[in-house]
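Read off the chains here:
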Amino acid sequence: MNRTFAMTKARQTLRSADDLIAAGLAPAGRRDVLARVAERYALALPAEVSGRINPADSADPIARQFIPDPRELDTLAEENADPIGDDRHSPVEGIVHRYPDRVLLKLTHVCAVYCRFCFRREMIGPHGRGPLSGPALAAALDYIRAHGEIWEVILTGGDPLVLSPRRLKEIVGALAAIDHVKIIRVHTRVPVVAPERVTPALVRALKAKGKATYLVLHANHSHELSPAVRAACARVVDAGIPMLCQSVLLRGVNDDVETLGALMRALVECRIKPYYLHHGDLAPGTAHWRTTIEEGRALMRALHGRLSGLCQPTYVLDIPGGHGKSPIGPCYLTQTRTNGSARYEIEDYLGRRHAYPPAGPSRVRSKSSAPTRSAAR
Ligand code: SF4
């Protein structure tokens, strides 16, 4: 690698196979295939990301998530360009109204980094659907105003935090002016891939008087939480914006209990509550990332046996076709029936099973004899 080039590139976003090779992050012999993948699916590694990759480690968890892989060119029959069915629930451009009380508002289809397993990979990037135009945003806001059942608006994309603080402030202000919208949630990868963008001005732009803002980070490995990233997240939390995290279960990145446990603990230490662990979606060219559901459940069971409740995400699957997401276990409760009478068995964190009596009208105590329950558990 040319040292001058590498030093310049270290401060820039890498966007092509040639950039990766020049930065020493891919062998020259793979130029053609990497270029073909990058032509098909967007590529961007900002300096914060490329600088954290250890080129000597063939299993580096940052490199795996962001450097193209020839297997992305293999699409399976069950994979789908819109794996979670956004378009089916889009009444106007930019809005996805899948559940009654909340909508997605997709402001842009650009991201600061492009994850190789992205579930919206056919919609995002320089050749994706582009930003929401002014008239389209006005129509999307009109839709939210006209639907009094919308309690929560989720800003997503792409990554909404690639927009300027001024633009975000305008949009958050417009949402805050809608009486029935009480919650503004922002889904982003920016704090982990471009923490320098999380300025005081950006944090102020996300806050709206009288409304609650939540910021949901996307992170998959504890190596993503560098000191700069932790400081960026602290700026958000210190400003009174609660943070949650969603992670994707990725083969070869976080599909072992030590790695997942370290991620969940690191998040909680940063005052970020693990929210969802997503089973891999059926996005095109992502089969090599997906574990089996049985493997995912076994990992969740192992986490339950080791980590504080604060560190436990919910393992979920987005049902293909746009039917929403559902928890997929594991389940610790079974119901058995002996001589016609039902009873429960509940498994504890060490895997031991315990009987629990069935509830029924005959077992309900009177109000006066019921124990009070006010203490923390
Ligand atoms: S940041 Fe989100 S939308 Fe962008 S590439 Fe990654 S997963 Fe996809």
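Before going into details, it helps to say that this report is about the structure given with it.

The rules we used
Residues numbered from 1 in each chain as written. Predicted model: local features only at pLDDT ≥ 70, side-chain atom pairs only at ≥ 80, totals over all residues. Heavy atoms only, no water. Near = heavy atom within 4 Å. Nonpolar A, V, L, I, M, F, W, Y, C, P; charged D, E, K, R; others polar. Axes fitted to C-alpha atoms, helices over the stretch in contact; angles between N-to-C directions. Helix = DSSP H or I, 4+ residues; strand = E, 2+ residues; numbered from the N terminus. Parallel < 35°, antiparallel > 145°, perpendicular 65-115°, else oblique. Left-handed = near helix turned anticlockwise from the far one by under 90°. Contact = heavy atoms within 4.5 Å. Pairing = 2+ DSSP bridges. Core = buried A, V, L, I, M, F, W, Y, C linked by side-chain atoms within 4.5 Å. Buried < 20%, exposed > 50% of the residue type's maximum accessible area, 1.4 Å probe, protein only.

1. Some details on the site of the ligand
- For the ligand, the full set of nearby residues is Cys111, Val113, Tyr114, Cys115, Cys118, Ile124, Arg189 and His218.
- For the shell around the ligand, the per-class residue count stands at six nonpolar, one polar and one charged.

2. As for the packing of helix α11 (residues 257–269) against helix α12 (residues 293–306)
- For the pair α11 and α12, the least separation of the axes is 10 Å and the interaxial angle reads 55 degrees. With respect to each other, α11 and α12 are oriented oblique. In the packing of α11 onto α12, the handedness of the crossing is right-handed. Of α12, the residues touching α11 (which contributes Val257, Glu258, Leu260, Gly261 and Arg265) are Leu299, Ala302, Leu303 and Arg306.
- Grouping the constituent residues of the contact of α11 with α12 by class yields five nonpolar, one polar and three charged.

3. What about the sheet that holds strand β1 (residues 95–99)?
- One open sheet holds the nine strands; their spatial order is β1-β2-β3-β4-β5-β6-β7-β8-β9, and the pairing between them is mixed. Looking at the sheet topology across the chains shown, the edges are occupied by β1 and β9 (325–327). Across this sheet, the average inter-strand angle for adjacent strands is 30 degrees, counted without regard to direction.
- One ladder, built from four bridges, connects strand β3 (residues 152–156) with strand β4 (residues 183–188); its direction is parallel.

4. Details of the nonpolar core
- Counting residues in hydrophobic clusters, the biggest one holds 89 residues, and the most contacted among them are Leu45, Leu105, Ile144, Val153, Leu155, Leu175 and Leu217.
- Within the second largest apolar cluster, six residues are counted, among which are Ala44, Cys111, Cys118 and Ile124.

Keep in mind these numbers describe shape, not what the thing actually does.
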